[in-house]
Every structure is written in structure tokens, then in C-alpha cells.
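# Structural overview for review
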Amino acid sequence: MSAPAFTAQHYRATPSQEHPAGCAELDYEDRFLRRKVLTLKDGRTVLADLPKTTSLDHGGVLVTTTGEEIAIAAASQPLLAVTGTDMVRIAWHIGNRHTPCQIEAERLLIQHDHVIRDMLIRIGATVAEVHKPFTPEGGAYGMGRTHGHDHSHSHGPDSHSHDHGHSHDHTHDQSHDHDHH
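## Describing the overall build of the protein chain
- Each helix and strand counted, the protein chain has two helices and 10 strands in total.
- Counting over 181 residues, the protein chain shows a buried share of 36%.
- Taking all contacts inside the protein chain whose residues are at least 6 apart in sequence as the whole, residues at least 24 apart take part in 62%.
- Accessible surface computed for the protein chain: about 10,300 Å², of which carbon and sulfur atoms make up 50%.

This is how it looks when you write it as C-alpha cells:
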């Protein structure tokens, strides 16, 4: 394998140059990285060597050591499209499980998860498989990601803490089987 054409040590949420030197098309999971060789759409490669693990958002850029920018684009990936007559309730259940969710005017898009899918169908949602770029809402805990927080909040007079003693990584199933009194 030859050396990467570029090395990028910085990330910026918005480009400053009109024309990027290349484009990396990455799915949601691949857009969360610290150090990784990425293949650009034209076949060249870039070594992303960032100072910390970073969520790369669609439309952001990696800045190379020579000052060039590499555009980040959300790749099309398999998702679940969720619709229903009680979208407020459906959205609450998705959010209560800290599931990354892309909000559109007529539907919600989430990653494939058979447990969440079954739960949504049980509460009356219609769930269909689609293939689209995934750009979920970032929420209060960071742009593009809904993890990295703890669960040391309380749930009422008989509250308990379910702090895990660590921050969640992007693949952690965060559904919790307990009552919220």
C-alpha cells in the first residue's frame, strides 16, 4: 500500500475553500474517528490523524497539513424509516432510548436495530427499510452524536443512579429496561 496522498490533523465543521482537494464519503459509524486512512471518491487516500476522537459531520472538512480541505459527505446506508399517526409518541420512544435519529418532515430515520424496530411496531409505527445518507440530530451532547453522557440522573422519589462509570461509545446499545416513575 502506498503512502496516503494527504495527512489531515484538523477538522472544521464548515469549509473555508470553495473547491475541496477531495471528498471522503463515509457512513455514520465511519464518521466517528481519531486516526484512520480514508479512501477518497477519486481513489486517493488521506490519513486522518486528529488530536482526539471526532464526529465528522456531512459538510465538514478535514484540513490537510498543506492547508487543503477534504470534504466529508454522508454515504448512503441501510436505515429504518419510521412513520405513524402518533409521531410525538414514536419520537419520544426513540429519544428515550438515546437512538440517533434523523428528523424529516414526514418521517424519522434511524439505524437498523431489531429491538427498536419491534418496539416501534408494537406501539403502532410503520417501519420500512430505506437506503439513504444518515445525518442525525446532534442533541444536547454534541453535534452529530447523542452519546458521551452519563446516566446519573434521577427518576423520582425512589430514584436510583445507573451511572455506568464510563462514557458511551457510538455502538453501545443504550436501551434501559426500567420504569420511569
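## Some points on the packing of aromatic side chains
- Taken as a whole and judged by the stated rule, the model has one aromatic pair.
- The interplanar angle of 75 degrees and the centroid separation of 5.1 Å between the aromatic rings of tyrosine 28 and phenylalanine 134 together place this pair among those described as edge-to-face. Note that tyrosine 28 is positioned in the loop between β2 (22-26) and β3 (32-39) and phenylalanine 134 in the segment after β10 (126-133), a separation of 106 residues in sequence. Like phenylalanine 134, tyrosine 28 is buried.

## Looking at helix α1 (residues 87-96)
- Ile90, His93 and Ile94 are the residues of α1 that are buried. Down the axis, α1 shows its buried residues gathered within 100 degrees of arc, on one side only.
- Downstream of α1 by a residue or two, histidine 98 has a phi angle that is positive, lying close to 55 degrees.

## Comments concerning the pattern of salt bridges
- This model, assessed by the stated rule, comprises eight salt bridges.
- The partner of lysine 36 in a salt bridge is aspartate 30, and the shortest N-O contact between them spans 3.4 Å.
- Given a relative accessible area of 34%, lysine 36 falls into the partly exposed group.
- Shared partners join several salt bridges into a network, and the residues in it are Arg34, Arg35 and Asp49.

So, how was this worked out
Residues numbered from 1 in each chain as written. Predicted model: local features only at pLDDT ≥ 70, side-chain atom pairs only at ≥ 80, totals over all residues. Heavy atoms only, no water. Helix = DSSP H or I, 4+ residues; strand = E, 2+ residues; numbered from the N terminus. Buried < 20%, exposed > 50% of the residue type's maximum accessible area, 1.4 Å probe, protein only. Contact = heavy atoms within 4.5 Å. Areas by Shrake-Rupley, 256 points an atom, 1.4 Å probe, with all protein chains shown as cover. Phe/Tyr/Trp six-rings, centres within 6.5 Å; stacked < 30°, edge-to-face > 60°. Arc of directions from axis to C-beta. Salt bridge = Lys/Arg side-chain N within 4 Å of Asp/Glu carboxyl O.

The values are spatial; any link to function lies outside them.
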